[in-house]
Amino acid sequence: RAVAMSVSHSSRLNKLVREQYMRLPQDGRVQVTYVWIDGSGEGVRCKSRTLDKEPKSIEDVPEWNFDGSSTAQAEGSNSDMFLVPVCMFRDPFCLDPNKLVLCEVLKYNRKPAETNLRHTCKKVMDLVKDSHPWFGMEQEYTLLGINGHPYGWPDNGFPGPQGPYYCGVGADKVYGRDIVESHYKACLYAGVKICGTNAEVMPSQWEFQVGPCEGIEMGDHLWMARFILHRVCEDFGVVATLDPKPMTGNWNGAGCHTNYSTEQMRREGGLKHIEAAIEKLSKRHDYHICVYDPRGGRDNSRRLTGHHETSNIFEFSAGVANRGASIRIPRQVGQDGCGYFEDRRPAANCDPYAVTEAIMRTTVLNETGVETKDYADH
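Residues numbered from 1 in each chain as written. Predicted model: local features only at pLDDT ≥ 70, side-chain atom pairs only at ≥ 80, totals over all residues. Heavy atoms only, no water.

### A closer look at empty space enclosed by the protein
- Tallying each qualifying case throughout the model produces two cavities of 30 Å³ or more.
- Considered as a void within the structure, the largest cavity measures approximately 90 Å³ in volume.
- In this structure, the largest cavity is lined by Val35, Trp36, Ile37, Leu102, Cys103, Glu104, Val105, Thr115, Asn116, Leu117, Arg118 and Tyr353.
- Looking at the lining of the largest cavity, the elements that each hand over two or more residues are strand S1 (30–37) and strand S5 (99–106).
- It is S5 that contributes the most residues to the lining of the largest cavity, four residues altogether.
- In terms of residue class, the lining of the largest cavity is built from eight nonpolar, two polar and two charged.
- Lining the second largest cavity are Tyr165, Lys173, Val174, Tyr175, Ala199, Glu200, Met202, Pro203, Ser204, Gln205 and Trp206.
- Of the residues in the lining of the second largest cavity, the class split is seven nonpolar, two polar and two charged. (1 Å grid on protein atoms, 1.4 Å probe; cavity = no way out; pocket = protein on both sides within 12 Å on 5 of 7 lines; lining within 4 Å. Points joined across faces, edges and corners; volume = space filled by probe spheres on them. Helix = DSSP H or I, 4+ residues; strand = E, 2+ residues; numbered from the N terminus. Nonpolar A, V, L, I, M, F, W, Y, C, P; charged D, E, K, R; others polar.)

Set out below in C-alpha coordinates:
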(Lines give C-alpha, C1' and ligand atoms only; values in the text may rest on other atoms or scores of the structure.)
Protein backbone atom coordinates (compact mmCIF):
# COMPACT_ATOMS: atom_id res chain seq x y z
CA ARG A 1 0.00 0.00 0.00
CA ALA A 2 2.82 2.42 0.83
CA VAL A 3 4.42 1.84 -2.58
CA ALA A 4 1.08 2.26 -4.40
CA MET A 5 0.47 5.57 -2.63
CA SER A 6 3.83 6.98 -3.72
CA VAL A 7 3.19 6.77 -7.49
CA SER A 8 0.84 8.88 -9.60
CA HIS A 9 -2.68 7.77 -10.57
CA SER A 10 -1.96 8.02 -14.32
CA SER A 11 0.92 5.56 -14.04
CA ARG A 12 -1.56 2.90 -12.94
CA LEU A 13 -3.62 3.15 -16.13
CA ASN A 14 -3.62 0.01 -18.26
CA LYS A 15 -0.57 0.35 -20.53
CA LEU A 16 -1.66 -2.61 -22.68
CA VAL A 17 -4.63 -0.55 -23.85
CA ARG A 18 -2.27 2.26 -24.84
CA GLU A 19 -0.11 -0.19 -26.81
CA GLN A 20 -3.12 -1.16 -28.92
CA TYR A 21 -3.35 2.41 -30.19
CA MET A 22 0.38 2.98 -30.48
CA ARG A 23 0.58 0.13 -33.02
CA LEU A 24 -1.84 1.82 -35.42
CA PRO A 25 -0.26 2.98 -38.73
CA GLN A 26 0.23 6.70 -39.39
CA ASP A 27 -0.22 6.72 -43.20
CA GLY A 28 3.10 8.46 -43.81
CA ARG A 29 2.43 11.34 -41.45
CA VAL A 30 4.72 12.12 -38.53
CA GLN A 31 4.25 13.34 -34.96
CA VAL A 32 6.81 15.97 -33.98
CA THR A 33 7.09 16.92 -30.30
CA TYR A 34 8.56 20.38 -29.75
CA VAL A 35 10.51 20.68 -26.47
CA TRP A 36 11.60 23.93 -24.82
CA ILE A 37 12.88 25.40 -21.55
CA ASP A 38 10.25 27.40 -19.65
CA GLY A 39 10.47 30.63 -17.66
CA SER A 40 11.91 28.92 -14.59
CA GLY A 41 15.10 28.06 -16.48
CA GLU A 42 14.76 24.52 -15.09
CA GLY A 43 11.45 23.11 -16.31
CA VAL A 44 10.82 21.69 -19.77
CA ARG A 45 7.57 21.94 -21.71
CA CYS A 46 6.39 20.19 -24.86
CA LYS A 47 3.61 20.05 -27.41
CA SER A 48 3.13 18.08 -30.60
CA ARG A 49 2.00 18.62 -34.17
CA THR A 50 1.61 16.57 -37.34
CA LEU A 51 3.90 16.93 -40.38
CA ASP A 52 2.93 15.42 -43.72
CA LYS A 53 6.26 13.62 -44.09
CA GLU A 54 9.26 12.64 -42.01
CA PRO A 55 11.74 15.51 -41.53
CA LYS A 56 15.23 14.49 -42.63
CA SER A 57 17.02 17.45 -41.02
CA ILE A 58 16.25 20.24 -38.57
CA GLU A 59 15.65 22.57 -41.52
CA ASP A 60 12.59 20.46 -42.41
CA VAL A 61 10.90 21.27 -39.09
CA PRO A 62 8.92 24.53 -39.21
CA GLU A 63 8.94 27.21 -36.53
CA TRP A 64 5.95 27.19 -34.21
CA ASN A 65 4.63 29.27 -31.31
CA PHE A 66 3.12 28.88 -27.86
CA ASP A 67 1.43 30.88 -25.11
CA GLY A 68 4.28 32.35 -23.09
CA SER A 69 1.92 33.75 -20.43
CA SER A 70 1.30 30.15 -19.30
CA THR A 71 5.01 29.32 -18.96
CA ALA A 72 6.15 32.49 -17.08
CA GLN A 73 7.72 33.84 -20.27
CA ALA A 74 5.34 36.58 -21.45
CA GLU A 75 2.45 38.88 -20.49
CA GLY A 76 -1.06 37.75 -21.35
CA SER A 77 -1.60 40.83 -23.53
CA ASN A 78 1.35 39.87 -25.78
CA SER A 79 1.82 36.18 -25.12
CA ASP A 80 2.90 34.55 -28.40
CA MET A 81 6.46 33.19 -28.26
CA PHE A 82 8.37 31.62 -31.15
CA LEU A 83 9.72 28.05 -31.06
CA VAL A 84 12.80 27.79 -33.28
CA PRO A 85 13.90 24.17 -33.87
CA VAL A 86 17.62 23.62 -33.24
CA CYS A 87 18.22 19.89 -32.68
CA MET A 88 16.25 16.79 -33.68
CA PHE A 89 16.11 13.33 -32.06
CA ARG A 90 14.18 10.09 -32.62
CA ASP A 91 11.11 9.76 -30.41
CA PRO A 92 11.49 6.82 -27.97
CA PHE A 93 7.88 7.17 -26.76
CA CYS A 94 5.98 7.22 -30.07
CA LEU A 95 8.79 5.47 -32.01
CA ASP A 96 9.96 5.97 -35.61
CA PRO A 97 9.32 7.91 -37.73
CA ASN A 98 8.24 10.37 -35.01
CA LYS A 99 10.62 13.02 -33.67
CA LEU A 100 11.56 15.02 -30.60
CA VAL A 101 12.77 18.53 -31.48
CA LEU A 102 14.60 20.80 -29.06
CA CYS A 103 13.79 24.47 -29.62
CA GLU A 104 15.09 27.90 -28.72
CA VAL A 105 12.48 30.36 -27.48
CA LEU A 106 12.28 33.85 -29.01
CA LYS A 107 10.07 36.71 -27.84
CA TYR A 108 7.58 38.55 -30.06
CA ASN A 109 10.41 40.83 -31.28
CA ARG A 110 12.62 37.82 -32.19
CA LYS A 111 15.00 38.49 -29.32
CA PRO A 112 15.91 35.47 -27.12
CA ALA A 113 13.72 34.85 -24.10
CA GLU A 114 15.37 35.44 -20.71
CA THR A 115 15.86 31.73 -20.07
CA ASN A 116 17.10 31.06 -23.62
CA LEU A 117 20.76 30.73 -22.63
CA ARG A 118 21.55 28.73 -25.74
CA HIS A 119 21.61 31.86 -27.88
CA THR A 120 24.76 33.39 -26.36
CA CYS A 121 26.31 29.96 -25.76
CA LYS A 122 26.10 29.24 -29.49
CA LYS A 123 27.73 32.58 -30.26
CA VAL A 124 30.64 31.81 -27.91
CA MET A 125 31.02 28.23 -29.18
CA ASP A 126 31.25 29.54 -32.75
CA LEU A 127 34.05 31.88 -31.65
CA VAL A 128 36.09 29.13 -29.98
CA LYS A 129 35.39 26.30 -32.44
CA ASP A 130 39.05 26.03 -33.50
CA SER A 131 39.95 24.91 -29.95
CA HIS A 132 37.56 21.94 -30.36
CA PRO A 133 36.14 21.97 -26.80
CA TRP A 134 34.85 18.62 -25.60
CA PHE A 135 32.51 18.30 -22.63
CA GLY A 136 31.04 15.45 -20.64
CA MET A 137 28.47 16.25 -17.94
CA GLU A 138 27.48 13.97 -15.05
CA GLN A 139 23.83 14.60 -14.22
CA GLU A 140 22.86 13.60 -10.70
CA TYR A 141 19.17 13.46 -9.78
CA THR A 142 16.92 12.10 -7.05
CA LEU A 143 13.78 10.01 -7.49
CA LEU A 144 10.83 11.15 -5.40
CA GLY A 145 7.43 9.61 -4.85
CA ILE A 146 4.46 11.72 -5.90
CA ASN A 147 4.28 12.76 -2.22
CA GLY A 148 7.69 14.48 -2.48
CA HIS A 149 9.45 11.92 -0.27
CA PRO A 150 12.50 10.08 -1.71
CA TYR A 151 11.25 7.04 -3.56
CA GLY A 152 11.64 3.81 -1.59
CA TRP A 153 12.52 5.52 1.72
CA PRO A 154 10.48 4.52 4.78
CA ASP A 155 7.32 6.64 5.11
CA ASN A 156 8.22 7.65 8.66
CA GLY A 157 11.99 7.65 9.00
CA PHE A 158 15.19 7.22 7.08
CA PRO A 159 17.15 4.42 5.44
CA GLY A 160 20.48 3.32 6.91
CA PRO A 161 23.43 5.71 6.63
CA GLN A 162 25.28 6.23 3.34
CA GLY A 163 27.82 3.61 2.40
CA PRO A 164 26.20 0.64 0.66
CA TYR A 165 24.20 2.59 -1.94
CA TYR A 166 26.83 3.99 -4.34
CA CYS A 167 26.90 1.67 -7.39
CA GLY A 168 24.92 -0.70 -5.17
CA VAL A 169 23.16 -3.93 -6.09
CA GLY A 170 20.21 -5.46 -4.28
CA ALA A 171 16.66 -4.53 -3.32
CA ASP A 172 17.80 -3.15 0.05
CA LYS A 173 20.41 -0.88 -1.59
CA VAL A 174 18.92 0.57 -4.78
CA TYR A 175 15.48 1.96 -5.56
CA GLY A 176 14.06 2.52 -9.04
CA ARG A 177 16.54 0.75 -11.32
CA ASP A 178 13.70 0.02 -13.80
CA ILE A 179 13.38 3.78 -14.33
CA VAL A 180 17.12 4.25 -14.79
CA GLU A 181 17.49 1.45 -17.33
CA SER A 182 14.40 2.59 -19.27
CA HIS A 183 15.83 6.11 -19.43
CA TYR A 184 19.20 4.80 -20.65
CA LYS A 185 17.59 2.76 -23.45
CA ALA A 186 15.30 5.65 -24.43
CA CYS A 187 18.29 8.02 -24.71
CA LEU A 188 20.22 5.53 -26.87
CA TYR A 189 17.20 5.14 -29.16
CA ALA A 190 16.73 8.90 -29.41
CA GLY A 191 20.36 9.48 -30.39
CA VAL A 192 21.30 11.30 -27.18
CA LYS A 193 25.01 10.85 -26.44
CA ILE A 194 24.45 9.16 -23.09
CA CYS A 195 27.61 7.31 -22.05
CA GLY A 196 26.86 5.74 -18.68
CA THR A 197 24.86 5.59 -15.47
CA ASN A 198 25.25 4.54 -11.83
CA ALA A 199 23.52 4.58 -8.47
CA GLU A 200 24.75 7.47 -6.31
CA VAL A 201 25.79 7.83 -2.66
CA MET A 202 22.37 8.77 -1.29
CA PRO A 203 19.69 6.08 -1.69
CA SER A 204 17.19 6.96 -4.48
CA GLN A 205 19.84 9.20 -6.06
CA TRP A 206 21.22 8.31 -9.49
CA GLU A 207 23.51 9.74 -12.11
CA PHE A 208 23.77 9.52 -15.87
CA GLN A 209 26.58 10.90 -18.01
CA VAL A 210 26.32 12.59 -21.41
CA GLY A 211 29.30 13.11 -23.70
CA PRO A 212 31.78 13.59 -25.07
CA CYS A 213 30.02 16.38 -26.92
CA GLU A 214 31.68 19.22 -28.81
CA GLY A 215 30.57 22.81 -28.28
CA ILE A 216 26.85 23.60 -28.31
CA GLU A 217 26.02 19.91 -28.64
CA MET A 218 26.65 19.45 -24.90
CA GLY A 219 23.72 21.60 -23.84
CA ASP A 220 21.45 20.23 -26.56
CA HIS A 221 22.01 16.61 -25.59
CA LEU A 222 21.83 17.13 -21.82
CA TRP A 223 18.57 19.07 -22.04
CA MET A 224 17.02 16.36 -24.22
CA ALA A 225 18.29 13.68 -21.79
CA ARG A 226 16.57 15.60 -18.98
CA PHE A 227 13.31 15.82 -20.95
CA ILE A 228 13.42 12.07 -21.61
CA LEU A 229 14.10 11.41 -17.91
CA HIS A 230 11.02 13.40 -16.86
CA ARG A 231 8.87 11.60 -19.45
CA VAL A 232 10.10 8.15 -18.36
CA CYS A 233 9.44 9.04 -14.72
CA GLU A 234 5.95 10.20 -15.71
CA ASP A 235 5.25 6.73 -17.14
CA PHE A 236 6.41 5.12 -13.88
CA GLY A 237 4.47 7.63 -11.77
CA VAL A 238 7.45 9.12 -9.88
CA VAL A 239 9.28 12.44 -9.99
CA ALA A 240 12.92 13.20 -10.83
CA THR A 241 14.21 16.26 -9.00
CA LEU A 242 17.41 18.12 -9.88
CA ASP A 243 17.43 19.95 -6.55
CA PRO A 244 21.10 20.27 -5.47
CA LYS A 245 20.27 19.33 -1.86
CA PRO A 246 16.95 17.46 -1.79
CA MET A 247 17.46 16.14 1.75
CA THR A 248 19.02 18.22 4.50
CA GLY A 249 21.34 16.59 6.98
CA ASN A 250 24.01 13.94 6.51
CA TRP A 251 23.13 13.14 2.90
CA ASN A 252 25.00 13.89 -0.30
CA GLY A 253 23.73 16.67 -2.53
CA ALA A 254 23.34 16.49 -6.30
CA GLY A 255 25.72 18.09 -8.78
CA CYS A 256 26.37 18.16 -12.50
CA HIS A 257 30.14 17.66 -12.64
CA THR A 258 31.50 18.97 -15.92
CA ASN A 259 34.47 17.35 -17.66
CA TYR A 260 36.24 19.56 -20.17
CA SER A 261 39.17 19.61 -22.54
CA THR A 262 40.44 21.44 -25.60
CA GLU A 263 42.44 19.88 -28.40
CA GLN A 264 45.64 21.26 -26.85
CA MET A 265 44.83 19.60 -23.51
CA ARG A 266 44.23 16.24 -25.18
CA ARG A 267 47.59 16.23 -26.99
CA GLU A 268 50.93 15.10 -25.57
CA GLY A 269 52.12 17.66 -23.03
CA GLY A 270 48.57 18.94 -22.58
CA LEU A 271 48.86 19.05 -18.80
CA LYS A 272 50.44 22.51 -18.96
CA HIS A 273 47.37 23.77 -20.84
CA ILE A 274 45.12 22.12 -18.23
CA GLU A 275 47.04 23.87 -15.44
CA ALA A 276 46.88 27.20 -17.28
CA ALA A 277 43.10 26.87 -17.63
CA ILE A 278 42.72 26.03 -13.94
CA GLU A 279 44.77 29.11 -13.06
CA LYS A 280 42.36 31.27 -15.07
CA LEU A 281 39.36 29.63 -13.37
CA SER A 282 40.90 30.27 -9.94
CA LYS A 283 40.81 34.03 -10.59
CA ARG A 284 37.12 33.99 -11.61
CA HIS A 285 35.54 31.77 -8.97
CA ASP A 286 32.72 34.18 -8.01
CA TYR A 287 31.58 34.56 -11.63
CA HIS A 288 31.37 30.81 -12.13
CA ILE A 289 29.50 30.21 -8.87
CA CYS A 290 26.93 32.81 -10.03
CA VAL A 291 26.18 30.98 -13.28
CA TYR A 292 26.45 27.39 -12.00
CA ASP A 293 22.88 27.29 -10.70
CA PRO A 294 19.71 29.16 -11.75
CA ARG A 295 19.65 31.35 -8.64
CA GLY A 296 23.05 33.00 -8.74
CA GLY A 297 24.68 30.54 -6.33
CA ARG A 298 21.92 30.35 -3.71
CA ASP A 299 21.00 26.78 -4.64
CA ASN A 300 24.62 25.69 -4.62
CA SER A 301 25.23 27.25 -1.21
CA ARG A 302 23.10 24.44 0.26
CA ARG A 303 25.30 21.85 -1.46
CA LEU A 304 28.88 23.23 -1.59
CA THR A 305 29.63 23.05 2.12
CA GLY A 306 33.04 21.38 2.04
CA HIS A 307 31.37 18.16 3.21
CA HIS A 308 29.85 15.18 1.36
CA GLU A 309 32.46 15.22 -1.42
CA THR A 310 32.13 18.92 -2.20
CA SER A 311 34.35 21.96 -2.05
CA ASN A 312 33.48 25.05 -0.02
CA ILE A 313 31.50 27.56 -2.09
CA PHE A 314 33.64 30.45 -0.83
CA GLU A 315 37.02 28.94 -1.75
CA PHE A 316 38.58 27.77 -5.01
CA SER A 317 40.69 24.62 -4.87
CA ALA A 318 42.17 22.11 -7.29
CA GLY A 319 43.90 18.76 -6.91
CA VAL A 320 44.68 15.41 -8.48
CA ALA A 321 41.99 12.78 -7.67
CA ASN A 322 40.53 15.09 -5.00
CA ARG A 323 36.73 14.95 -4.89
CA GLY A 324 36.68 17.64 -2.23
CA ALA A 325 38.18 20.21 -4.60
CA SER A 326 36.51 22.70 -6.95
CA ILE A 327 38.52 21.25 -9.84
CA ARG A 328 39.67 17.62 -9.98
CA ILE A 329 42.43 16.41 -12.28
CA PRO A 330 41.89 12.65 -12.73
CA ARG A 331 44.85 10.56 -11.57
CA GLN A 332 45.25 9.02 -15.03
CA VAL A 333 45.54 12.50 -16.57
CA GLY A 334 48.29 13.35 -14.10
CA GLN A 335 50.14 10.19 -15.11
CA ASP A 336 49.61 10.61 -18.87
CA GLY A 337 50.44 14.32 -18.88
CA CYS A 338 47.37 15.14 -21.01
CA GLY A 339 43.60 14.72 -21.11
CA TYR A 340 40.86 16.67 -19.33
CA PHE A 341 39.78 18.05 -15.97
CA GLU A 342 36.53 18.04 -14.00
CA ASP A 343 34.76 21.13 -12.66
CA ARG A 344 32.81 19.79 -9.66
CA ARG A 345 31.02 23.04 -8.84
CA PRO A 346 27.95 23.07 -11.17
CA ALA A 347 24.70 22.21 -9.38
CA ALA A 348 22.41 19.44 -10.61
CA ASN A 349 19.90 22.06 -11.80
CA CYS A 350 22.45 24.16 -13.69
CA ASP A 351 21.81 25.18 -17.29
CA PRO A 352 24.48 23.33 -19.31
CA TYR A 353 24.52 26.17 -21.84
CA ALA A 354 25.48 28.63 -19.10
CA VAL A 355 28.14 26.30 -17.64
CA THR A 356 29.88 25.46 -20.90
CA GLU A 357 29.71 29.06 -22.10
CA ALA A 358 31.28 30.32 -18.85
CA ILE A 359 34.13 27.80 -19.08
CA MET A 360 34.92 28.88 -22.64
CA ARG A 361 34.75 32.59 -21.80
CA THR A 362 37.27 32.14 -19.00
CA THR A 363 39.67 29.53 -20.38
CA VAL A 364 39.76 30.31 -24.11
CA LEU A 365 38.47 33.87 -24.55
CA ASN A 366 40.46 34.95 -21.46
CA GLU A 367 37.71 37.02 -19.88
CA THR A 368 38.25 38.17 -16.29
CA GLY A 369 36.08 39.67 -13.55
CA VAL A 370 32.35 39.21 -13.11
CA GLU A 371 31.28 41.02 -16.30
CA THR A 372 30.97 39.19 -19.63
CA LYS A 373 31.86 40.59 -23.02
CA ASP A 374 29.15 40.92 -25.66
CA TYR A 375 30.45 39.53 -28.93
CA ALA A 376 29.02 40.73 -32.22
CA ASP A 377 26.94 38.33 -34.28
CA HIS A 378 28.83 36.68 -37.12
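### Here we look at the UniProt feature "domain: GS beta-grasp" (unreviewed entry) in the protein chain
- UniProt records the feature "domain: GS beta-grasp" (unreviewed entry) at residues 30–110, using the numbering of this structure.
- Helix makes up 0% of residues 30–110 and strand 48%, with an end-to-end C-alpha separation of 28 Å. (UniProt positions renumbered as here; feature names shortened; annotations may be inferred.)

### Overview of the pattern of salt bridges
- Under the counting rule described, the total for this entry stands at 25 salt bridges.
- Notably, a salt bridge pairs Lys283 with Glu279, separated by 2.3 Å at the nearest N-O pair.
- Residue Lys283 is classed as exposed on the basis of its relative accessible area of 62%.
- Relative accessible area serves as the criterion here: at 42%, Glu279 is assigned to the partly exposed category.
- For the salt bridge of Arg284 with Glu367, the shortest nitrogen-to-oxygen distance reads 3.2 Å. Here the residue Arg284 occupies a position in the loop between helix H7 (271–282) and helix H8 (285–291), and Glu367 occupies one in the segment after helix H11 (352–363), the gap between them amounting to 83 residues. (Salt bridge = Lys/Arg side-chain N within 4 Å of Asp/Glu carboxyl O. Buried < 20%, exposed > 50% of the residue type's maximum accessible area, 1.4 Å probe, protein only.)

### Some points on the sheet that holds S5
- Here we have five strands laid out as an open sheet, ordered S2-S1-S5-S4-S3, and mixed in their pairing. Either end of the sheet is taken by a strand with one partner, and the two such strands are strand S2 (44–51) and strand S3 (64–67). Taking each pair of neighbouring strands and ignoring which way they run, the sheet shows an average axis angle of 40°.
- Looking at chain direction, S1 and S2 are connected through eight bridges and run antiparallel. By the bridge assignment for S2, Val35 is matched with Cys46. (Pairing = 2+ DSSP bridges. Axes fitted to C-alpha atoms, helices over the stretch in contact; angles between N-to-C directions.)

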